[in-house]
Amino acid sequence: MTHFELEYYDKLLIAIVASLGLGMVIGLTSSVAFISGLAAGALFATVFVYEAMFRNPPLPPESTGARAAAVVWHAFLVVVVAAAVV
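1. Let's talk about the nonpolar core
Within the largest apolar cluster, 12 residues are counted, these being Ile16, Leu20, Leu38, Ala39, Ala42, Ala45, Val49, Met53, Ala70, Trp73, Leu77 and Val80. At the level of secondary structure, the elements contributing two or more residues to this core comprise helix H1 (8-29), helix H2 (34-55) and helix H3 (64-85). Looking at this core, the element that brings in the most residues is H2, giving six residues.

What follows is the structure, given as structure tokens:
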């Protein structure tokens, strides 16, 4: 029997995907607009993104990759929230 254990960052990635997925499911299966559900999921996923990028980053925070990832995530978040508001 093979023992499989997820690492810390694997769990964070799963939490991010689950947050976005839950928002999507709420938007598809309830009276909440799809984009509003997705926006709520993205806002909730932001907690896990900040944990992975700023509180406990796998790369030094000064790295170009960490900065680029932060910019991409925030751009995605702004677009989703803006679409939900409009």
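2. What about the confidence of the model for the protein chain?
Overall, the prediction assigns the protein chain a mean pLDDT of 87, with 94% of residues at 70 or greater. Here H3 stands out as the element of the protein chain with the lowest mean pLDDT, 83, in contrast to H1, whose mean of 94 is the highest.

3. Here we look at the packing of H2 against H3
Put simply, H2 and H3 touch, their axes get as near as 9 Å, and they point 160 degrees apart. By the criterion of interaxial angle, the relationship of H2 to H3 is roughly antiparallel. By crossing handedness, the relation of H2 to H3 is classed as left-handed. Contacts between H2 and H3 involve Ile35, Ser36, Leu38, Ala39, Ala42, Leu43, Ala45, Thr46, Val49, Tyr50, Met53 and Phe54 from the former and Ala66, Ala69, Ala70, Trp73, His74, Phe76, Leu77, Val80, Val81, Ala83 and Ala84 from the latter. Residue classes in the contact of H2 with H3 are distributed as 20 nonpolar, three polar and no charged.

Calculation criteria
- Residues numbered from 1 in each chain as written.
- Predicted model: local features only at pLDDT ≥ 70, side-chain atom pairs only at ≥ 80, totals over all residues.
- Heavy atoms only, no water.
- Core = buried A, V, L, I, M, F, W, Y, C linked by side-chain atoms within 4.5 Å.
- Buried < 20%, exposed > 50% of the residue type's maximum accessible area, 1.4 Å probe, protein only.
- Helix = DSSP H or I, 4+ residues; strand = E, 2+ residues; numbered from the N terminus.
- pLDDT = per-residue confidence, 0-100.
- Axes fitted to C-alpha atoms, helices over the stretch in contact; angles between N-to-C directions.
- Parallel < 35°, antiparallel > 145°, perpendicular 65-115°, else oblique.
- Left-handed = near helix turned anticlockwise from the far one by under 90°.
- Contact = heavy atoms within 4.5 Å.
- Nonpolar A, V, L, I, M, F, W, Y, C, P; charged D, E, K, R; others polar.

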